[in-house]
Every structure is written in C-alpha cells, then in structure tokens.
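# Geometric and topological summary
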Amino acid sequence: MEKKAPRVLLEPWSEADLGLLRALNAPELMTHLGGPETDEQVLARHWRYVGMSAQSAARGRMFRVVLVPDTPHAPALSVGLVGFWENVWQGREMYESGWGLLAAFQGRGIAAAARAAAEQARAQRTHRFLHAFPSVANPGSNAVCRRAGYALLGECAFEYPPGNVMRCNNWRLDLDASPEERAEALRAAEGPPPS
C-alpha cells in the first residue's frame, strides 16, 4: 500500500510564531546552516519574517507549515517554516526559497510545503526562477528539492549566513513552466513506476 502524503497548510508568519522559530534554532537542525543563532539573531529574523507578511507579496513571503491531522478532532500542528524572497544570483534577479522542519517531522513527505510555497511564488508572476541552495551535505533538504520538482544545476559556493561560505547544490524551479511541464518534472523526481 502506498504511503499517503501528509496534508499541510501554509499560514502567513505572524508575531505568535517566535516560539516555533526558537524551536527550529536547535543545534541539530542548524548543522547545515552555520550552527544555531543567538537569541538576538533569532529575534531579528522573526521580525524580518513578520515584516514580510506586511509587504508586497511580490517581494516574498514566509509561512508557518501546519500539519493537518488525519483523525477528526486532533489538533493541527505547527511543524516548520517555508518561504521565498527576492535575491540576486549571478547578476540576475530571482526568488530564493528555504525551509526548516522540526526533527520529529522530517522525512515524512512534507515536501508538499515546498511545492505550495513555489505555487505562491509562481502566482506573483514577478521572477521566472525560484532557486534553493541546500548544503551538499544535507540529504534531507536536497531530497525536498528533488521531490518538489526542482532541477539540479550543480554545486556552487554560497554565502550563508553572511561571512560563512559553504558548498551548496543549486536547485532551480522554472516558475513559467506549463502545468504539463511541472507534472512531468514531478513524475521524473519520483522515479520510475514500480514494476
């Protein structure tokens, strides 16, 4: 029997999400991002995310990832974050995307949140490409890119956080692709059908 992908919702990041951001700052979750941030850095990032909810969506958005339970009357759970924002890569404007999930929810098929964020970026009709730059040493985030239909362009040096250059994979999603082309990219990401 095929495992059913979880149902996720994206809710705009709000002032109430500081606790979630602090939970996502755990050392084991920040290994591939230069290590945990100080509380001052977490607060600054939180307010930057809150500010994204108040600005034009064309510049980017940050969302809380909410896992919808399968059973009636069970509470929905805030399990992570995902978003997109404007950036410049190799002299061209584009969107960049990023995400983070609490450890207990990793590896459960929540790549749906990355696909949903890509749809939000696509709806803006501002930039053609959405990039993600996970560390080459982060198999989970690279798997999310593949399952969300991104194309791997190769390795690159990428600075994150500022002052820390790391080896990353450059994944790109064509936001102008037709629905058929997007469906084909997702089929290719899932691999050949079982025989």
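The following refers to the structure shown. Since the structure is predicted, the reported quantities are computational estimates derived from the model, not experimental observations.

Considering all chains together, one arrives at 6 aromatic pairs under this definition. A centroid spacing of 5.0 Å and a plane angle of 80° characterise the contact between F84 and Y95, whose relative ring orientation is edge-to-face. One end of the pair, F84, is in strand β3 (residues 77-89); the other, Y95, is in strand β4 (residues 92-101), and 11 residues separate them in sequence. With respect to burial, F84 and Y95 carry one shared label: buried. Among the aromatic residues, ring-to-ring pairing joins W89, F133 and F158 into one connected group. Positioned above the aromatic ring of F129, the side-chain terminus of R172 is 4.0 Å from the ring centre.

The next subject is the sheet that holds strand β1 (residues 7-12). Read across the sheet, 7 strands follow the order β1-β2-β3-β4-β5-β7-β6 without closing on themselves; strand pairing throughout is mixed. The two strands at the open ends of the sheet, each matched to only one other strand, are β1 and β6 (151-159). Ignoring which end each strand starts from, the neighbouring axes of this sheet average 30° apart. Where helix α2 (residues 39-54) meets the sheet, it contacts β1, β2 (60-68) and β3, and its direction lies at approximately 100° from that of β2.

Here we take up helix α4 (residues 139-147). The set of residues buried in α4 consists of S141, N142, A143, V144 and C145. On its buried face, α4 is in contact with β4, α3 (111-124), β5 (129-132) and β7 (165-174). Looking one or two places after α4, you find G149, whose phi comes out positive at around 95°.

As a further point, take the pairing of β4. Of all 10 residues that make up β4, 8 are buried, and the element is covered over most of its length. Where β3 meets β4, 10 bridges bridge the pair, whose relative direction is antiparallel. Residue pairing for β4: W89 is matched across the bridge by R92. Counted along the chain from β3 to the antiparallel partner β4, the turn is 2 residues long, and its residue Q90 has a positive phi close to 50°. Examined bridge by bridge, β4 and β5 share 2 bridges and lie parallel to one another. Of the residues in β5, the one forming a bridge with E96 is H131. Crossover handedness for the path β4 to α3 to β5: right-handed.

Here we take up the environment of R48. Of note, R48 is situated in helix α2. The class for R48 is partly exposed, based on a relative accessible area of 47%. Each C-alpha atom, one on R48 and one on L29, is 20 Å from the other, the two residues being 19 residues apart in sequence.

What follows is about the state of the cysteines. Throughout this description, disulfide means a covalent bond between two cysteine sulfur atoms. The full count for this structure, using the stated rule, is 0 disulfides. Left without a disulfide partner, C145 is nearest to the cysteine sulfur of C168, which lies 10 Å away. Owing to a relative accessible area of 0%, C145 belongs among the buried residues under this scheme. A disulfide-free cysteine, C168 has its sulfur positioned 5.6 Å from the sulfur of C156, the nearest such atom. You can call C168 buried: its relative accessible area is 0%.

At Q90, a residue that is not glycine, the phi angle is positive and equals roughly 50°. In the Ramachandran plot, R125 falls in the positive-phi region, its phi being about 50° despite a non-glycine side chain. The residue R125 is located in the loop between α3 and β5 in this model. Take R125: its relative accessible area is 78%, and that puts it in the exposed class.

Here is what the cut-offs are and how they apply
- Residues numbered from 1 in each chain as written.
- Predicted model: local features only at pLDDT ≥ 70, side-chain atom pairs only at ≥ 80, totals over all residues.
- Heavy atoms only, no water.
- Phe/Tyr/Trp six-rings, centres within 6.5 Å; stacked < 30°, edge-to-face > 60°.
- Helix = DSSP H or I, 4+ residues; strand = E, 2+ residues; numbered from the N terminus.
- Buried < 20%, exposed > 50% of the residue type's maximum accessible area, 1.4 Å probe, protein only.
- Lys NZ or Arg CZ within 6 Å of the ring centre and 35° of its normal.
- Pairing = 2+ DSSP bridges.
- Axes fitted to C-alpha atoms, helices over the stretch in contact; angles between N-to-C directions.
- Contact = heavy atoms within 4.5 Å.
- Right-handed = clockwise from strand over helix to strand, strands pointing away.
- Disulfide = S-S within 2.5 Å.

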